[in-house]
Amino acid sequence: MAFGLKILAKNGTTVRLDTTSVTETIVDSFTVPQGTAANITKTYADVASDMVLSVAILQISNVVTTEKQLVPTVSINQSLKTVTVTGSSSTATSQQGTTINILSTESRIIVLGK
C-alpha cells in the first residue's frame, strides 16, 4: 500500500507523489555541529514500511587550513528505519610537530525517502 499526498495540477489532473513514485520526499533534516564526536540516531517509525531511506549531506562550515575537516559518517538501517550520524573530534601531530585538529564539519543532514 502506498502513502502520500494528492497534489492536483492546474488542469485538475492528479500529480502522483507517494512511496511508489520515483520522486524523493524529504522526511527530515537536522544539523550536526562541527566537531561532534557522538552518534546521533534518528528513528522514522512512521514512514511506510516499503519506503527506502537515503541521505544528502550539505557541508556548512568553512574548511580552514589549520584543521583537517571530515564529513560525518552516515549509516542507514532500512529495516529499523534509523539513520545514524557519527562525527569525529581528535588531534594528530604533523611531521613538523604541529598539533592539527581533526573535526567533523558542521553539516546539514537531509533524510530522503522513496
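Rules used in this analysis
Residues numbered from 1 in each chain as written. Predicted model: local features only at pLDDT ≥ 70, side-chain atom pairs only at ≥ 80, totals over all residues. Heavy atoms only, no water. Helix = DSSP H or I, 4+ residues; strand = E, 2+ residues; numbered from the N terminus. Buried < 20%, exposed > 50% of the residue type's maximum accessible area, 1.4 Å probe, protein only. Contact = heavy atoms within 4.5 Å. Areas by Shrake-Rupley, 256 points an atom, 1.4 Å probe, with all protein chains shown as cover. Phe/Tyr/Trp six-rings, centres within 6.5 Å; stacked < 30°, edge-to-face > 60°. Lys NZ or Arg CZ within 6 Å of the ring centre and 35° of its normal. Pairing = 2+ DSSP bridges. Axes fitted to C-alpha atoms, helices over the stretch in contact; angles between N-to-C directions.

## Quick notes on the overall build of the protein
- Check the secondary structure of the protein and you find zero helices and eleven strands.
- Starting at the N terminus, the α and β elements of the protein follow one another as β-β-β-β-β-β-β-β-β-β-β.
- Within the span of the protein, comprising 114 residues, buried residues form 28% of the whole.
- Within the protein, residue pairs in contact and separated by at least 24 positions form 67% of the contacts whose partners lie at least 6 positions apart.
- Approximately 7,300 Å² of the protein is accessible, and the part contributed by carbon and sulfur atoms is 55%.

## Observations regarding the packing of aromatic side chains
- Under the definition given, this model contains zero aromatic pairs.
- Lying over the aromatic face of Phe30, Lys42 brings its terminal NZ or CZ to 4.7 Å of the ring centre.

## Digging into the sheet that holds strand 10 (residues 99–104)
- The three strands lie next to each other as 6-10-9, forming an open sheet whose pairing is mixed. Both edges of this open sheet fall to strand 6 (67–70) and strand 9 (89–93), since each of them pairs with a single strand only. Here the average twist between neighbouring strands, direction ignored, is 25°.
- Sheet topology places strand 9 next to strand 10; five bridges connect them, and they run antiparallel. By the bridge assignment, Ser89 is partnered in strand 10 with Leu103.

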